[in-house]
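# Descriptive structure summary
Chain by chain, the residues run as shown.
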Amino acid sequence: MIEFQSVSKQYSHDAYALRDVSLNIGKGELVYLAGPSGAGKSTLMKMVAAVERPTGGVVTVNGQDIGRIRKAGIPFLRRNLGLIFQHQRLLNDRNILGNVMLPLLVTGAPKAQAEGRARAALDKVGLLDRAKAMPLELSGGEQQRVAVARAIVNRPQIILADEPTANLDRAAADRVLDALRAFHAAGVTCVISTHDDEVLGSATARVIRLEQGQLVGGAV
Ligand code: ADP
Ligand code: ADP
């Protein structure tokens, strides 16, 4: 489902964010992407979503070569991806329900259907009772679960969560991870990055580890 073949990313002349990374993530897998800050985790995820393109090697997502994807094809690619990226904050000018409905409304879904699906998504992350609250009224962990609901409301095949537990205490982090694992249990391919090995905890899932842009374990 996600394949990297000798992928490199150079942002500048002498600095590699990723170097010669090869890996395969299969349909329905749950994979943790571990490594210290600056290891290249975000860069790897951005390449799956065609936010960045490789400067070497080939990235394939659902059979599509990301390096060759045309601009017009990017929305179709992203329709199959649930993205939880750090810069994608909730919109503070609308309530939680409005935030989660937005991805459906922009793809032309009727309002009633969008609202029903958004409510179902909020229910799945345990926040249906906060549907009318504004983002800033929620705790950091609750906001992150809203971001999870927003990412899955389109029913993507793949969820990419970049440091979804950063800045959360253990209990809040566990609730976010539980929500993500529930989608994995329902068949969704999940990639979750973290710089915090405690997040991996007792996880029996596969761990792909990056250091200074290179794989140091977990790739097949
Ligand atoms: P991580 O997510 O593991 O913290 P990143 O993928 O964000 O790592 O960064 C990997 C390396 O690439 C870092 O050295 C970072 O400074 C560099 N980098 C990331 N994005 C850019 C960019 N847009 N321009 C230049 N360098 C970048
Ligand atoms: P499916 O469409 O396959 O049944 P969903 O879980 O997305 O799966 O739910 C779809 C519909 O079910 C929604 O449009 C909504 O009307 C209803 N629904 C499910 N759960 C809830 C809920 N917690 N609150 C309101 N409506 C819900």
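Everything here concerns the structure above.
Conventions and cut-offs
Residues numbered from 1 in each chain as written. Chains lettered and ligands numbered in written order. Predicted model: local features only at pLDDT ≥ 70, side-chain atom pairs only at ≥ 80, totals over all residues. Heavy atoms only, no water. Helix = DSSP H or I, 4+ residues; strand = E, 2+ residues; numbered from the N terminus. Rg over C-alpha atoms; globule rule 2.2 N^0.38 Å. Buried < 20%, exposed > 50% of the residue type's maximum accessible area, 1.4 Å probe, protein only. Near = heavy atom within 4 Å. Polar contact = N/O pair within 3.5 Å; in protein donor to acceptor, adjacent residues only side chain to side chain. Areas by Shrake-Rupley, 256 points an atom, 1.4 Å probe, with all protein chains shown as cover. Nonpolar A, V, L, I, M, F, W, Y, C, P; charged D, E, K, R; others polar. Pairing = 2+ DSSP bridges. Contact = heavy atoms within 4.5 Å. Axes fitted to C-alpha atoms, helices over the stretch in contact; angles between N-to-C directions. Core = buried A, V, L, I, M, F, W, Y, C linked by side-chain atoms within 4.5 Å. Expected span 1.5 Å × (residues − 1). Arc of directions from axis to C-beta.

## Description of the overall build of the protein
Each helix and strand counted, the protein has 7 helices and 10 strands in total. By the compact-globule yardstick of 17 Å for 220 residues, the protein fits well, its C-alpha radius of gyration being 17 Å. Overall, the protein is about 50 × 40 × 30 Å in size when its C-alpha atoms are taken along their principal axes. When the 220 residues of the protein are sorted by exposure, 47% land in the buried category.

## Some details on the site of ligand 2
Residues in close proximity to ligand 2 include G116, R117, R119, A120, D123, K124, L128 and R155, which together make up its full environment. Contacts to ligand 2 include K124, whose side-chain N or O atom sits 3.4 Å from an oxygen atom. Separating an oxygen atom of ligand 2 from a side-chain N or O atom of R155 is a distance of 2.6 Å. Contact with the protein chains covers 45% of the free accessible surface of ligand 2, which is 540 Å². Each residue belonging to the shell around ligand 2 can be placed in one class, and the counts come to 2 nonpolar, 1 polar and 5 charged.

## Some details on the pairing of strand 2 (residues 15-25)
As paired strands, strand 1 (residues 2-12) and strand 2 are joined by 7 bridges and run antiparallel to one another. Opposite E3, over in strand 2, you have N24 as the bridge partner. Joining the antiparallel neighbours strand 1 and strand 2 is a turn of 2 residues.

## Quick word on the sheet that holds strand 1
The strand order across the open sheet built from 4 strands is 2-1-4-5, with neighbouring strands paired in antiparallel fashion. Two strands bound the open sheet, and with one partner strand each, they are strand 2 and strand 5 (64-65). Set on the sheet, helix 1 (residues 41-48) makes contact with strand 1, strand 2 and strand 4 (56-61); between it and strand 1 the angle comes to about 120 degrees.

## Structural notes on the nonpolar core
Most often, soluble globular proteins have nonpolar side chains that are buried together. Judged by nonpolar contacts, the single largest core of 39 residues is most densely connected at I84, V100, L122, V125, V148, I159 and L180. When residues of this core are assigned to their parent elements, the largest contribution, 6 residues, is made by helix 5 (residues 140-152). Not counting the four nearest positions on each side in its chain, V148 is found in contact with I84, V125, V176, A179, L180 and F183.

## Side note on the site of ligand 1
Inspection of the region around ligand 1 gives Y11, A17, P36, S37, G38, A39, G40, K41, S42 and T43 as its neighbouring residues. In the environment of ligand 1, an oxygen atom lies 2.6 Å from a nitrogen or oxygen atom belonging to the backbone of G38. The side chain of K41 places a nitrogen or oxygen atom 2.8 Å from an oxygen atom of ligand 1. Out of a free accessible area of 560 Å², ligand 1 has 55% covered by protein chains.

## A word on helix 6 (residues 170-185)
When the terminal C-alpha atoms of helix 6 are compared, their 22 Å separation across 16 residues agrees well with the 22 Å that a helix rising 1.5 Å per residue should span. Considered for burial, the residues of helix 6 that qualify are A172, A173, V176, L177, A179, L180 and F183. Across the axial projection of helix 6, the buried residues extend over an arc of 150 degrees, all falling on one side. Counted as exposed and oriented over 90 degrees from the buried face of helix 6: A171 and A185. Sitting at the amino-terminal end of helix 6 is D169, which places a side-chain oxygen 3.2 Å from the backbone nitrogen of A171.

## Structural notes on the side chain of T194
Here T194 shows up in strand 8 (residues 189-194). A polar atom in the side chain of T194 sits 2.9 Å from the backbone nitrogen of D196. When neighbours within four sequence positions are excluded, T194 is seen to be in contact with L33, A34, G35, K41, E163, T165, V199 and L200.

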